[in-house]
Structures are given as structure tokens and as C-alpha cells.
Amino acid sequence: MARGLSLYAEGSSPLHRAHPLTKATLTLCAIGLAFILPSWPLVLGVGVALLSLLAAAGVLRRFLFVAAGLLVPITLLLALVQSLANPHNQTVILPLGPLAVHREGLYIGLLAALRIADLVAATFLFSFTTRPADLAEALMQRGLSPRFGYVIQSALQIIPQSLETADRIRDAQRARGLETEGPLPRRARAFIPLLLPLVLSALVATQERAMALEVRGFGLKVGRLARYRIPDSLGQRVLRWGLALAVVAALAARLRGWL
Amino acid sequence: MAWLSAFKFRLNTLGIVLIPVCIAIDWAGHAIASGLRLPLFLDSIGTILGGILAGPWVGGLAGFITNLISSGTIDPIWQRQPRGWIGIWILCFLVASIGSTPLNIGLYQGQSGIPFGDAIYTALVNAHFPTWIAAYVDEAAVDLPDKLITALVAVLIYQGLPRRYRALFRLYQPDDDAEGERSPARA
Amino acid sequence: MTPVIAMAAARYRYPETDHDALGPVDLAIGPGEWVGVVGPTNAGKSTLCYVIIGLAPQFFGGRLRGEVSVFGSPTASQPVNERSRRAGLLFQNPFTQLSGARERVDEEVAFGPEAHGLPQAEVEERVAEALRLTGLQDLRARHPLDLSGGQLQRLALAALLAMRPELLLLDEPTSQLDPAGSRALFDVLRGLHAAGTTIVMVEHRLEAVAAMCPRVIALGEGRLLADGAPAEVFNRPEVQASAGIPAFARLAALVGKGPPLPVTFESAVEALRG
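Structure report, in brief.

Cut-offs and rules
Residues numbered from 1 in each chain as written. Chains lettered and ligands numbered in written order. Predicted model: local features only at pLDDT ≥ 70, side-chain atom pairs only at ≥ 80, totals over all residues. Heavy atoms only, no water. Pairing = 2+ DSSP bridges. Helix = DSSP H or I, 4+ residues; strand = E, 2+ residues; numbered from the N terminus. Core = buried A, V, L, I, M, F, W, Y, C linked by side-chain atoms within 4.5 Å. Buried < 20%, exposed > 50% of the residue type's maximum accessible area, 1.4 Å probe, protein only. Contact = heavy atoms within 4.5 Å. Buried area = accessible area lost by both parts, 1.4 Å probe. Salt bridge = Lys/Arg side-chain N within 4 Å of Asp/Glu carboxyl O. Polar contact = N/O pair within 3.5 Å; in protein donor to acceptor, adjacent residues only side chain to side chain. Axes fitted to C-alpha atoms, helices over the stretch in contact; angles between N-to-C directions. Parallel < 35°, antiparallel > 145°, perpendicular 65-115°, else oblique. Left-handed = near helix turned anticlockwise from the far one by under 90°. Disulfide = S-S within 2.5 Å. Phe/Tyr/Trp six-rings, centres within 6.5 Å; stacked < 30°, edge-to-face > 60°. Lys NZ or Arg CZ within 6 Å of the ring centre and 35° of its normal. Expected span 1.5 Å × (residues − 1). Patch = residues over 30% accessible without salt bridge, like charges linked within 9 Å, V, L, I, M, F, W, Y side chains within 5 Å. Areas by Shrake-Rupley, 256 points an atom, 1.4 Å probe, with all protein chains shown as cover.

Before going further, it helps to examine the sheet that holds strand β4 (residues 63–70) of chain C. Residues and elements named next belong to chain C. One open sheet accounts for four strands, arranged β2-β1-β4-β5; its pairing is antiparallel. In this open sheet, the two strands that pair with only one neighbour each are β2 (22–29) and β5 (73–74). Of the pairings in the sheet, the one linking strand β1 (residues 5–13) to β4 comprises seven bridges and is antiparallel in character. Bridge assignment links A8 to a residue of β4, and that residue is E67.

Listed below in C-alpha cells is the structure:
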């Protein structure tokens, strides 16, 4: 049976043990800095910092493996299209018939790709070291309504389950003669017979689940007390504020033209 | 202006439980479409179905979270659906394409990331159109067929549901009707 | 002594239907009773549970008339989720009752107490107690989806018991269970009855009802057909025609033992010997 949707990789590095909100702040600030800082050495610096954190958490290889599939196509596409078609293009490097590869566009495209790489690295750093349940719990302890904490926790489990159910329905329908191979119209016709049973059973389950939750006290407006302690520390709190301030400062500096 | 009441924020347990289910249907739809090698994303069927069944807040939240999870970025797509499937299609398409474009401009220098759309972008910029128009057309060209089919499928599925489900989930009905019969939305 | 459940001329109609699913019903159930509810499909048995717990009309909409009071206060006066402090309802399907938001058995059981804002220490105590009552202590660290149907149903029961309800409603709790699962569940119920919990159990296994419930209610087309001891209720022709006959009674009838038919194993053995 499929378990909860999560990229979490077991480990005991300081990052794994850090409070989920610290890591969330780290990720968001890294992304903010990647897009605010204007020159490529600075953006690269953010990337290098993220890579070393990934290494410290023991997930660098996993990241490179997963990220390659995502980032290589994006980089190529960005570099290509921007070098051909950016309004700032002036210097031609390589003529290609009616179009031409320009230096300015190439630089802009590669810088954009670098920023995206930073974003992906920051997001994966968070996902690899944080259990979704811990994040939901941390948010609820800080005041997120338990009803919305429920939405997150339930979504993470229900998605892999529904994918499994979709497979089972596909096998059952194929056994009944549904065609899933062949020319496009035939494949397209198979779509609704594959999705509809899933939707129906999901809706029935939804009604029953909602009734069962009500009967157990879901949605009561009472203060939700801590379920388990997630270790936090003054140092982490300081770090979170520090990071947030750094981003604000960078933004202010950029707007003022100092960077 | 009775239809405005649909937008009042009203979310009972049933609506809350429905949101993850819509997200799951979003993903299942996408997985089935990939499995059948159809040339479309079809990753919003659950969102739209939720919107039809239970109103804009359920649909909107489901769509928002689906995007959060699948892209790892925050993509503010609020999908509001009045009745009528042409309306649905046009609205989703507009919201999706307009919502995505600023994101594309900010993150991806205006590109949508889909080769066929980006080819259009390239052509438009080289023809000296402003970047933002090129970006919008790029995204729109990709979204147009996808959202049309998505809306169509969602409506077909909705029509295929037994009547009592449609009544049960209808969170956007006006409160108590004349007889004093309580609508489920009051729960 | 205030009855735990008091219904007077109660009627309920689901939305967009043209007839009452239940009613008119007059019923009083006292503390500590174990009442079995039998009847054919669509007799209103589930509806009865929903009306008592308040899901009808609060969840479904529809129209409730007459009086329905639980613990002395009308069901309309309290939202269903508040009522969970004193009353619980176990549904048929073991899978859909799970919250779907917890990855461990003990966390699933803790869901209710946490939703009520109880302090951590008390939550843990109640979870341990509920797991012990349902025999699930050894499985407390498992993922709920690793459990069998019978275990899941006990998990759902444990989740309700964590609230220490005085009233427990069960809507066909064993319909999706195998005999071993059913037996395990009934064992838990016997223990709860002995401890004084009021139990209202909709069941289609008539033999179990006849053996365990001192009082049986038979419903047909939304109305009460009979209300009394099992031997009396199951010997009524209208009950036999609609809800059915416990197997032992049928056996005795086949062998020619006249009315009243024995309805439990022990009494059937008695009758067949004599």
C-alpha cells in the first residue's frame, strides 16, 4: 500500500533535527535571495551554499540525481529561447538563418536557469529533511487551524492512494475489454471510464469520512495543544529572524540601486 | 445578484474533506492521462469538479494546493466557476493563463517551458512584440486546449454523478429554503 | 432517571425525498441498556442512528420533526462535533472511517481527544486505555492501512472510546468483517456493556443480537414494529416477515418445534432436547 507522499529521506544531520519552520524560512529566504540578487556570482554563491547544506544533510547525490532531470531541459530551453529572442539582444554570436544567437540573451537565459536551480535546490533541501507531518504539526502549534492542518496531512496520504486506485481500476477495466492502446481517439475514449469509478468511490468515501470526522469532534474551535515537542532553540529563532532580515535588506538595497 | 452569494466564505467539514479528494482526483487525472499518453496535462479535473460541486472556495483551495505540491512554487491560481461549461472553460483558461503569465515573466523570463509555446514566444519577440504579450500568448496557447478539455471532462463527470451527491456537496446554496428545510450548507 | 435517548413522535425526511425515512417513532432507552436494532434494508435503521447522533439533520439537511433528546437535551441544541464528548457512532465501512491524516494507529486514536483540546498527558492516557480495551496495543506503531478489516474496525472503535462515551451507537459494525473479526468486536462490546456504557447496535446477524442484546427493536419502513426481549420480538410474525428469523429459530421450526421458537443457541439446544 502506498504511504504518504513525501520526499523525506531518513537521516540525523543537524538539518534533519532542525525545527521545520527554520528550514522553511531557510528555503524561502534562499529563494528570495536568488531572485533579488542581481549578478551571477551572488546567485551562484547562494547555490553553492545550498549545495553544501545538501551535502551536510547527506542528500547531495539524491538531489543531483533528481534535479538533473528537471534542470537540464529547463536550462537548455531558457538559454536557447532567450538567446534567440530577448528584447535586450544586440551582439550576435551565431547567426541561424532568420534568427540569431545573441550574447545578452544567452547570459540572461543562463542566469534565469541558475536562479531556478537555486529554487529547486532550496525546495529539495526542505523536502528531503522534513517530515510533512512535522511541518503540519509545527504550523498547527503556531496557530494554523487544525482543519487546514488536516487538509495538508490528508492530501499527502490520499494522493499516492488514489494513484494506486487508478491503477487497479485500469486493470479491472482492461479485463472488461477497455482499450487503452492504439490510435489517439481510442485512447482518449478510455479516459472517462478510467476516471469516473475513481471519482464515484472517492465521493462516497468523502461523505462517510466527513460524517466520521464530525462524530469524532472535527472542527471544534478549541485551542489545540502540542501533540509532541518539536525541538526548537533560541539559536534557531535568531537564525530565522536573521535570514528574514537579510532578504528584506537585499530587497531594499536592490530597490535603492546599491546592489 | 444571487450568484454573488456563491462567493461567501462557507466551509463545513464536508467541504474540508472534499479538498484533498479533489487534489487526489487532480493527480489521478494527470496520471491516467500520462498513462494513456494523451497530449494534455489534465491535472485540474478534481479542482474544477470540486468547484462545480461545492463552490469556488473548495475548488480554489484544491487548485492552489495542487499547484503548490506539483510545482514546489507558489502559483496563485484562484479558480472561480459559474455554471455553464463554456463559462467554466473561458474562465479557467483566462485565470490560468493570466495567473501563470506574471509567474512565468518573473521566474522564467516569460517562457512557459513548453516547447511549442516557447516557439511562439520566440517568434513574437523577434517580431518586436513586447515581452509580456509574448509571454501571455505563449502560456495561453498551451492553456487553451488543456483547460477546454479539462472543463469538458469535469462537466461530463459531474453529469454522470448520481443526483444525491450533487445536492449533498452543494455548499453554495442559499440558506434555509422556504419550508424550513435545512440545506447541508448550514452544518 | 433520565433516559439516555428519548424520542417522541420523531420523524425525519432526507432532503429532496417525498416520504419520511423514519417515523413517527416513540422510544426511550435508559442508561446501561444494550439495544439491538434489526430490520430489512431501508427500514430506517441507519437513519435512526443519524438522528440520535445529530447528523440528521445537521449533516444531511432535510427535516426533523417531533422530539429527539439525548442525555436530556434536544439533538438540535448541540453541534455533532460537540456531542462527541459523550456519544459515538461506529459506521459500517472500516476504511472510510479513518481520518486519512494519521500514519500511526496510536495517532489515529489520539485524533478525537486532540480535537477536543485535551492536555497531552491525558491524551496519551486515553489512547493507551482505548488500545487496551480493543486489544490493539501491539499494533500501536503500525500504519493504519497495514491492518486487516477487523482490526481497522476495532481501531475505529478505539478512536471513539478515547472520548469515553457514555452512549455508543453502531451501524452494522460487522457487515464487512469475517467471523473472527466480528467475534473480536463483540467481545469488546460485551466488556463495554459490563462497564455500563449504553449501546445501540444495528446488526443484521440476528443470532448475535438475540444472544447479546437484552432488548431488541425491530424497524420496518421507518416505524417500530416491535420492542422487547429477543424471544418475544423474533416470534412476532411481522418481524419474522421483514427482519428475518435467527438461524436457531429456523432450525427449531424445521424440526417441528412450535411457537414460541427459541432464538438463541442455548434455548434452541434446550428445546431440541426436550
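So, about the nonpolar core. The tendency in soluble globular proteins is for nonpolar side chains to be buried side by side. Residues F191 and L195 of chain A together with M7, L55, L189 and M201 of chain C are the most contacted members of the largest nonpolar core, which totals 142 residues. The element best represented in this core is helix α1 (residues 13–35) of chain B, accounting for 13 residues. M7 of chain C has contacts with L22, V25, D26, L27, L48, V51, I52, E67 and V68 of chain C, leaving out every residue within four places of it along the chain. With 30 residues, the next largest nonpolar core counts L15, L26, L50 and V59 of chain A among its residues.

Bringing the pairing of strand β7 (residues 167–171) of chain C into the picture now. Residues and elements named next belong to chain C. In terms of residue burial, β7 counts as a mostly covered element, since five of its five residues are buried. Side chains of β7 alternate between two faces, with L167, L169 and D171 and L168 and L170 buried alike. Of the strand pairs in this sheet, strand β6 (residues 87–90) and β7 are connected by four bridges, and their pairing is parallel. By the bridge assignment for β7, G88 is matched with L168. Of the strand pairs in this sheet, β7 and strand β8 (residues 198–202) are connected by five bridges, and their pairing is parallel. Residue pairing in the sheet places L167 in a bridge with T198 of β8.

The subject of this paragraph is the interface of chain A and chain B. At the junction of the two partners, chain A supplies 51 residues and chain B supplies 53 residues. Both sides together, the interface formed by chain A and chain B hides about 4600 Å², and carbon and sulfur atoms give 79% of it. At the boundary of chain A with chain B, the tally comes to one salt bridge. For R37 of chain B, the salt bridge is made with E181 of chain A, and the minimal N-O distance between the two is 3.6 Å. Seen at the junction of chain A and chain B, the total is four residue pairs in polar contact (both at pLDDT 80 or more). Where the side of chain A that touches chain B is concerned, the elements lending two or more residues are α4 (60–85), α5 (103–129), α7 (146–175), α8 (184–189) and α9 (191–215) of chain A.

As a further point, take the sheet that holds β6 of chain C. What holds strands together in a sheet is hydrogen bonding between their backbones, with the strands either parallel or antiparallel. Residue and element names in this part refer to chain C. If you trace the six strands from one edge of the open sheet to the other, you get β6-β7-β8-β3-β9-β10, paired in mixed fashion. Lying at the two open borders of the sheet, with one neighbouring strand each, are β6 and β10 (223–228). In this sheet, neighbouring strand axes are inclined to one another by 15° on average, regardless of whether the strands run parallel or antiparallel. Strand contacts of helix α1 (residues 45–53): β3 (34–38), β6, β7, β8 and β9 (215–220), with the helix running at about 150° to β7, the strand carrying the most contacts. Those strands touched by helix α6 (residues 149–161) are β6 and β7, and its axis lies near 170° from that of β6.

A separate point is the packing of helix α3 (residues 40–56) of chain A against α5 of chain A. Residue and element names in this part refer to chain A. Taken N-terminus to C-terminus, the directions of α3 and α5 make an angle of 25°; their axes are 9 Å apart at the nearest point. In this view, α3 runs roughly parallel relative to α5, as classed from their interaxial angle. Once α3 is placed against α5, the crossing between them reads as left-handed. Contacts between α3 and α5 involve W40, V43, L44, V46, G47, L50, L53 and L54 on the former and, on the latter, Y107, L111, L114, R115, D118, A121, A122, L125 and F128.

Here L98 of chain C is to be found in the loop between β6 and α4 (105–115). Note on L98 of chain C: relative accessible area 8%, which makes it buried. Ignoring anything within four residues of it in the chain, the contact list for L98 of chain C reads R209 and R216 of chain A together with E108, P144, L145, L152 and L155 of chain C.

Residue and element names in this part refer to chain B. Here helix α2 (residues 45–54) lies mainly inside the structure; 10 of its 10 residues are buried. Listed as buried for α2 are I45, G46, T47, I48, L49, G50, G51, I52, L53 and A54. Trailing α2 by a residue or two, G55 shows a phi angle of about 95°, which is positive.

Further remarks concern the state of the cysteines. All names here are of chain C. Counted under the stated rule, the structure contains zero disulfides over all chains. With no disulfide of its own, C213 has C49 as its nearest cysteine by sulfur position, at a separation of 12 Å. You can call C213 buried: its relative accessible area is 2%.

Applying the stated rule across the entire model yields 10 aromatic pairs over all chains. On the basis of an interplanar angle of 10° and a centroid distance of 6.3 Å, the ring pair of F218 of chain A and F111 of chain C is categorised as stacked. Of this pair, F218 of chain A sits in the loop between α9 and α10 (234–256) while F111 of chain C sits in helix α4, on two different chains. Its relative accessible area of 3% is what places F218 of chain A among the buried residues. Assessed through its relative accessible area of 7%, F111 of chain C is described here as buried. Ring centres 5.3 Å apart and planes at 80° place the aromatic pair F59 of chain C and F60 of chain C in the edge-to-face group. F60 of chain C carries the same exposure label as F59 of chain C, and that label is buried. Members of the aromatic cluster, each reached through a chain of ring pairs, are Y12, Y14, Y50, F59, F60 and F91 of chain C. Above the plane of the ring of F128 of chain A lies R62 of chain A, whose end atom (NZ or CZ) is 5.9 Å from the centre. Over the ring of F71 of chain C we find R86 of chain C, and its NZ or CZ is 3.9 Å from the ring centre.

Turning our eyes to something else, we now look at unusual backbone geometry. Residues and elements named next belong to chain C. The omega torsion across G23 and P24 is -5°, close enough to zero to call that bond cis. Structurally, P24 can be placed in strand β2. Phi at A9 takes a positive value of approximately 50°, unusual for a residue other than glycine. Along the chain, A9 falls in strand β1. Take A9: its relative accessible area is 40%, and that puts it in the partly exposed class. The residue N42 is not glycine, and still its phi comes out positive at about 60°. Along the chain, N42 falls in the loop between β3 and α1.

With respect to the helices and strands, the residue D106 of chain C is situated in helix α4. Taking relative accessible area as the criterion, D106 of chain C reaches 9% and is therefore assigned buried.

The subject of this paragraph is α9 of chain A. For α9 of chain A, with 25 residues, the first-to-last C-alpha span of 36 Å sits near the 36 Å given by 1.5 Å per residue. One or two steps after α9 of chain A, the chain reaches G217 of chain A, where phi turns positive at roughly 105°.

All names here are of chain A. A cluster of nonpolar residues, W40, L44, V48 and Y107, forms a patch on the protein surface that exposes about 390 Å² of accessible area. Top element by residues in the nonpolar patch is α3. It accounts for three residues. Secondary-structure assignment places W40 in helix α3.

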